[in-house]
Amino acid sequence: MKTTLRKKYLISAAVCLFIIAGVVYYYFFSSFSDKQETAYIYVDSDDTIDSVYIKLEPVATKHGLCAFSTLTRHSKYADNIRTGRYAIKRGEGAFKVFRHLKNGQQEPIKLTVPSVRTLDRLAAELSKKLMTDSTQILRQLTNQTTCNSLGYDTSTIACMFIPNTYDVYWNISVTNLLKRMQKESQSFWNADRRAKAKQLSLSPIQVITLASIVDEETANNAEKPMIAGMYYNRLMLRNAEYPHGMPLQADPTIKFAWKKFGLRRIYNNLLAIKSPYNTYKNTGLPPGPIRIPSVAGIDAVLNMKHHDNLYMCAKEDFSGTHNFARTYEEHMQNAAKYSAALNHRGIK
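Residues numbered from 1 in each chain as written. Predicted model: local features only at pLDDT ≥ 70, side-chain atom pairs only at ≥ 80, totals over all residues. Heavy atoms only, no water.

In contact at an axis separation of 8 Å, helix 5 (residues 119–127) and helix 6 (residues 134–141) are set at 140° when each is read in the N-to-C sense. As summarised for this structure, helix 5 and helix 6 are arranged oblique, according to the angle between their axes. Remark: the crossing between helix 5 and helix 6 carries right-handed chirality. Touching Leu119, Asp120, Leu122, Ala123, Ala124, Leu126 and Ser127 of helix 5 are Ser134, Ile137, Leu138 and Leu141, all from helix 6. Broken down by class, the residue content of the contact of helix 5 with helix 6 amounts to 8 nonpolar, 2 polar and 1 charged. (Axes fitted to C-alpha atoms, helices over the stretch in contact; angles between N-to-C directions. Helix = DSSP H or I, 4+ residues; strand = E, 2+ residues; numbered from the N terminus. Parallel < 35°, antiparallel > 145°, perpendicular 65-115°, else oblique. Left-handed = near helix turned anticlockwise from the far one by under 90°. Contact = heavy atoms within 4.5 Å. Nonpolar A, V, L, I, M, F, W, Y, C, P; charged D, E, K, R; others polar.)

In structure tokens, the structure reads:
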């Protein structure tokens, strides 16, 4: 009799434990998300526990959100919300989701550094993928002390940004972002690239500055080494006519000086602008790049085609490529053909 009663108690207890285990598993360990694909939530610096719930609600099951709320009430998470981009994966339970948010175990984003012309445009593009806003980024990029601490100045800081895609955390601080870009730049400038720059008697900053002009001249990667070689010839030329070097006379630098990037023709009145970026008046390279050049542009300078041309002019077929010339007389003939083509199309 006692044995039978004991068995009944044990069976009842086992059933209760099984039910409790099932409930616990259902609420805390079955899939928190009701989506087939991984979802992401972004917890910002001004989020409260209520706004976190609101952000979780569209991707969570009812029992998952209930479990998350229960875990929150029995922890200090509501008082210590951590910013970040968090992945909510199909099959992960509320306990795991809660632990990730509580401990700040976020998922990185793919941040692409764009090849843009100005620092404000760079800041705007980066901020689209980051928690920080463009104003905070631009403030640091235009701060001389910050730039100096990284080995640059406000004219050359763009050289630190190599246009690739990097894994970073969404809530990365501006300071850490700049340090990361500095590290990536140092990695990019490996022994091989530094040796090639040294052979050309150019610093990495000078290579990037020249590459920015080359990139502005053409989108044709195959022609970039040829253009780089032409500008390099001007840069290094020393003779009776040009004892301090031949001016680069690069039209893209005039556009940059005026901040008028849509200009199709550069008239003489535009060449009078007083600017260190006016390469018609000043010899040598401008103070810094006129855009963040592409990797193809940088490598085109490092692997430039050596020739004896000093002039180039856009081809009259508007193919995006150029006619090159050794003498000014040849160049003027090419320029006349291009000017006639512009006039024919009514381009001013």
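That covers the picture; the talk isn't over yet.
On to the layout of surface pockets. Counted as a void, the largest pocket has a volume near 1300 Å³. Around the largest pocket, the lining comprises 39 residues; the ones closest to its centre are Asp251, Ile266, Cys313, Ala314 and Tyr338. Elements represented by at least two residues in the lining of the largest pocket include exactly helix 10 (204–217), helix 11 (224–236), helix 12 (251–258), strand 5 (311–314) and helix 14 (328–345). With 7 residues, the top contributor of residues to the lining of the largest pocket is helix 14. Looking at the lining of the largest pocket residue by residue, the class counts come to 21 nonpolar, 9 polar and 9 charged. By volume, the second largest pocket amounts to about 200 Å³. Surrounding the second largest pocket, 15 residues form its lining, Leu119, Thr154, Ser155, Phe256 and Pro289 being those nearest its centre. Two domains each put at least three residues into the lining of the second largest pocket: domain 2 (107–186) and domain 3 (189–306). (1 Å grid on protein atoms, 1.4 Å probe; cavity = no way out; pocket = protein on both sides within 12 Å on 5 of 7 lines; lining within 4 Å. Points joined across faces, edges and corners; volume = space filled by probe spheres on them. Domains from an automatic or database assignment.)

The next subject is the packing of helix 10 against helix 13 (residues 295–302). Packing of helix 10 against helix 13 brings their axes to within 8 Å, and their N-to-C directions diverge by 115°. In terms of axis orientation, helix 10 runs roughly perpendicular to helix 13. For the pair helix 10 and helix 13, the crossing hand works out as right-handed. Here helix 10 contributes Val207, Ile208, Leu210, Ala211, Val214 and Asp215 to the contact with helix 13, which in turn contributes Gly297, Ile298, Val301 and Leu302.

Once that is clear, we can look at the domain arrangement of the protein chain. Domain boundaries assigned for the protein chain yield domain 1 (18–106), domain 2 (107–186) and domain 3 (189–306). Between the C-alpha centres of domain 2 and domain 3 the distance comes to 23 Å. With 17 residues of domain 2 in contact, the opposing surface of domain 3 contributes 20 residues. There are 1 salt bridge connecting domain 2 and domain 3. Residue arginine 117 is joined to glutamate 216 by a salt bridge in which the shortest nitrogen-to-oxygen separation is 3.2 Å. Residues of the side of domain 2 that touches domain 3, tallied by class, amount to 9 nonpolar, 7 polar and 1 charged. (Salt bridge = Lys/Arg side-chain N within 4 Å of Asp/Glu carboxyl O.)

Ranked by internal contacts, the top residues of the largest apolar core, which has 60 residues, are Leu122, Leu126, Leu130, Phe161, Tyr231, Ile298 and Val301. Residue contributions to this core peak at 7 residues, all from helix 11. Summarising the domain contributions, this core has at least three residues from each of domain 2 (107–186) and domain 3 (189–306). Setting aside anything within four residues of it in sequence, one finds leucine 126 in contact with Leu111, Thr112, Val113, Pro114, Ile137, Phe161 and Leu177. By size, the runner-up hydrophobic cluster in this structure holds 20 residues, among which are Ile41, Ala60, Tyr86 and Ala94. (Core = buried A, V, L, I, M, F, W, Y, C linked by side-chain atoms within 4.5 Å. Buried < 20%, exposed > 50% of the residue type's maximum accessible area, 1.4 Å probe, protein only.)

It is worth spelling out unusual backbone geometry at this point. At glutamine 249, a position not held by glycine, the phi torsion is positive, near 50°. Position of glutamine 249 among the secondary structure elements: in the loop between helix 11 and helix 12. The class of glutamine 249 is partly exposed, set by a relative accessible area of 28%. A positive phi is found at lysine 259, a non-glycine position, where the angle reads about 55°. Here lysine 259 is to be found in the loop between helix 12 and helix 13. By relative accessible area, lysine 259 is classed as partly exposed at 46%.

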